[in-house]
Amino acid sequence: MMMKMLGFISTIIVFMLLRNSDSHVIQGEQPLSKIAIHKAVHALSDSSSIKAFPSFLGLKGEDTQWVNVELDHAKPSEDDWVGVFSPAKFNGSDCYYENDPKEQSPYICSAPIKYAYANHSTSNYTKTGRASIKFQLINQRADFSFALFSGGLSNPKVVAVSDSIRFVNPKAPVYPRLAQGKYWNEMTVTWTSGYNTDEAIAFVEWGMKGQSQRRSPAGTLTFTRNSMCGSPARTVGWRDPGFIHTSFLKDLWPNIKYTYRMGHMLPDGSYIWSKTYSFKSSPYPGQDSLQKIIIFGDMGKAERDGSNEYSNYQPGSLNTTDQLIKDLKNIDIVFHIGDLSYANGYISQWDQFTSQVEPIASTVPYMVASGNHERDWPGSGSFYDTVDSGGECGVLAETMFYVPAENRAKFWYSTDYGMFHFCIADTEHDWREGSEQYRFIEKCLASVDRQKQPWLIFAAHRVLGYSSDKYYGLEGSFEEPMGRESLQRLWQKYKVDIAFYGHVHNYERTCPMYQNRCVNSEKSNYSGTMNGTIHVVAGGAGSHLSEFSELKTSWSLYKDYDFGFVKLTAFNHSSLLFEYKKSSDGLVYDSFTISRDYKDVLACVHDSCEATTAAS
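Just so it is clear, the structure is predicted and the values come from calculations on it, not from any experiment.

(A) Here's a closer look at the overall build of the protein chain. On a plain count of helices and strands, the protein chain comes out with ten helices and 33 strands. Against the 2.2 N^0.38 benchmark of 25 Å for 616 residues, the protein chain shows a C-alpha radius of gyration of 25 Å, consistent with a compact globule. Its C-alpha atoms put the protein chain at 95 × 70 × 45 Å along the principal axes. Relative to its 616 residues, the protein chain shows a buried fraction of 60%. Across the protein chain, the fraction of contacts at a sequence separation of at least 24, relative to all contacts at a separation of at least 6, is 73%. Carbon together with sulfur atoms contributes 51% to the accessible area of the protein chain, which is approximately 24,400 Å² in total.

As structure tokens, this is what we get:
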């Protein structure tokens, strides 16, 4: 018995070592982490120069603009690179020492916000020493400078630095992200600016299109370097996040288009305004109408100028983003179920991410879940003792995005959208039976009135259900360890229709499942009583892909080693369409339908039968 137990423990240890951060970190890493910026040395040369123009950005109110960088280097090399720094001043005068404060101060102690090799767009750079590079900059509350480095990423030497450039209003309110409030008729608007509460009063001006507008105040949050749990977030990855504001737009009428803009009233009575945006308010819970939901995980961010992408970190991110923007008129709400920006402790990347998703998040609610790359850090209370968050330990995700949770540090919550009821779990905290989260999950599942909201959806980041992922296959149970053992009885008892997961970077759909077996032989057109829950991995939205196990799983109906996302369309209380779309072309590659009546939801199935009595 002891030998069997030791063997089991050994298997688990090997599995966790392979899978510790998730299988995908083995294949890639945050591009900025490749730069040994603390090793940078001063090597300025009069024979080398770098210039950037225009000097002033956003003259027409833009929060994004392209910049031309021209460089001239007397001793060019293939590993020369250009770093974009913001703030523009990047010497070591304000270095933070995580260990010994007597350490020798490095020349540079802040990572660039992005970088590109000097030969990125000029193939003959090594011959001529001259190159021209285009960078796309976003308003990030500070000025910018560009530095030319020799010595590659591992031994960087600063040979030239440009003059600074800046947006004309660096503090402007930018990158709004909508989210459902705690009530169906409440929408929240969260945005970022450079204005603290002693500099300006933050608010949102909003109303029905064409009608008189009202104003709702906003709360303001920020955090400091000391809020971070470790490096790089506390050291080379630290960057001032500015101020994050959230306003609650209440008592919305259902299905109405509202316009809104963020504002800041300055002490002199003048106003700073954002652009004007619009959204459609949510339907009343149970309302019978066409409702369209997008679900995916692990998208991350990427740069449209091609910078930072030398490790192929999130190759599908822009394709997914662009497909959603293209189809935005046919989307009502988005769920991004964990691993949002993959900043991994490089704080500047959260601005980049919120800018990338702004066309989506400013128009429809952008609901998020917590993943390992948002939360996990040793000794910080996360269920997994890994370094995946890069020292962020949940602070960035909890502050940058609003979720209708009772405690945003515990990232589980429920939300309604018309005929849908969603229970969003937080896999970076304990979900097992007896835990606080387990009690929440059961309460969330039990609270829905299936006559009004027939479509019951469970979602979480890590795969608590089923996945044919290579590393889950090595473990043998094809799930996150301890994943479904406690929860499958709840899914069955409350007849969850579909459970969604990210974390594994591919797409997979199972048959309706209970206790490791298919309980429905249909594959694409379900009717009547389902008998079990369909499990879907939708973690292929952008980050480098995960391999499938070579072992064949009888419950897996469709697999795709590609980037994509899921769309749910509820036509009414009886008809649901599920579609998996590839990010490359937006076409449907897998689909199924569910057709049923209320009596089919009420029907007795295995381990889900209401008590009866013979009494009359």
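(B) Expanded view of the sheet that holds strand β1 (residues 41-42). Taking strand neighbours across the sheet as the criterion, the five strands line up as β1-β9-β8-β5-β6 in an open arrangement whose pairing is mixed. Edge strands, defined here as strands with exactly one partner in the open sheet, are β1 and β6 (114-117). In terms of strand pairing, β1 meets strand β9 (residues 157-161) through two bridges, oriented parallel. Residue V41 lies in a different strand from β9, and its bridge partner there is K157.

(C) Molecular detail of the sheet that holds strand β31 (residues 564-570). Read across the sheet, seven strands follow the order β21-β20-β19-β31-β32-β33-β28 without closing on themselves; strand pairing throughout is mixed. With one partner strand each, in any of the chains shown, β21 (366-369) and β28 (525-527) form the two edges of the open sheet. On average, each strand axis in the sheet is tilted by 15° relative to the strand beside it, whichever way the strands run. Two elements, β28 and strand β33 (residues 588-595), share three bridges in a ladder whose sense is parallel. Looking across to β33, one finds that N525 is bridged to T593.

(D) Up close: unusual backbone geometry. The omega torsion of the bond from F53 to P54 falls at 5°, within 30 degrees of zero and hence cis. Tracing the backbone through its elements, the reader meets P54 in the loop between β2 (49-53) and β3 (56-57). In the segment running from S86 into P87, the intervening peptide bond is cis, with an omega of 5°. As for its position among the elements, P87 is in the loop between β5 (81-85) and β6. Even without a glycine there, the phi angle at D251 is positive, about 55°. Secondary-structure assignment places D251 in the loop between β15 (243-249) and β16 (257-265). Note on D251: relative accessible area 57%, which makes it exposed. The phi dihedral of C393 is positive, around 45°, even though this residue is not glycine. The residue C393 is located in the loop between α5 (372-375) and α6 (395-400) in this model. Residue C393 is classed as buried on the basis of its relative accessible area of 9%.

(E) Molecular detail of the side chain of T427. Tracing the backbone shows T427 in the loop between β23 (420-424) and α7 (436-446). Polar side-chain contacts of T427 include one of 2.6 Å to the side chain of E428. Ignoring any residue separated from it by four or fewer positions in sequence, one finds T427 in contact with S370, F383, Y384, A460, H461, R462 and L464.

(F) Up close: the pattern of salt bridges. Applying the stated rule across the entire model yields 30 salt bridges. For D562, the salt bridge identified is with K582, shortest N-O distance 3.0 Å. One end of the pair, D562, is in the loop between β30 (556-560) and β31; the other, K582, is in strand β32 (residues 575-582), with 20 residues separating them in the sequence. Here K582 falls in the buried class, since its relative accessible area comes to 11%. One salt-bridge network, held together by shared partners, links K114, K301, E303 and D305.

(G) View of the state of the cysteines. Here the structure, examined in full by the defined rule, presents four disulfides. With its sulfur 2.0 Å from that of its partner, C423 forms a disulfide with C444. Residues C423 and C444 share a disulfide whose torsion about the S-S bond is about -100°; that sign makes it left-handed. One end of the pair, C423, is in strand β23; the other, C444, is in helix α7, and 21 residues separate them in sequence. Of the two residues, C423 and C444, both sit in the buried class. Covalent S-S linkage joins C511 and C518, the inter-sulfur distance amounting to 1.9 Å. Where C511 bonds to C518 through sulfur, the torsion about that S-S bond is close to -80°, and the disulfide is left-handed.

Cut-offs applied
- Residues numbered from 1 in each chain as written.
- Predicted model: local features only at pLDDT ≥ 70, side-chain atom pairs only at ≥ 80, totals over all residues.
- Heavy atoms only, no water.
- Helix = DSSP H or I, 4+ residues; strand = E, 2+ residues; numbered from the N terminus.
- Rg over C-alpha atoms; globule rule 2.2 N^0.38 Å.
- Buried < 20%, exposed > 50% of the residue type's maximum accessible area, 1.4 Å probe, protein only.
- Contact = heavy atoms within 4.5 Å.
- Areas by Shrake-Rupley, 256 points an atom, 1.4 Å probe, with all protein chains shown as cover.
- Pairing = 2+ DSSP bridges.
- Axes fitted to C-alpha atoms, helices over the stretch in contact; angles between N-to-C directions.
- Polar contact = N/O pair within 3.5 Å; in protein donor to acceptor, adjacent residues only side chain to side chain.
- Salt bridge = Lys/Arg side-chain N within 4 Å of Asp/Glu carboxyl O.
- Disulfide = S-S within 2.5 Å.

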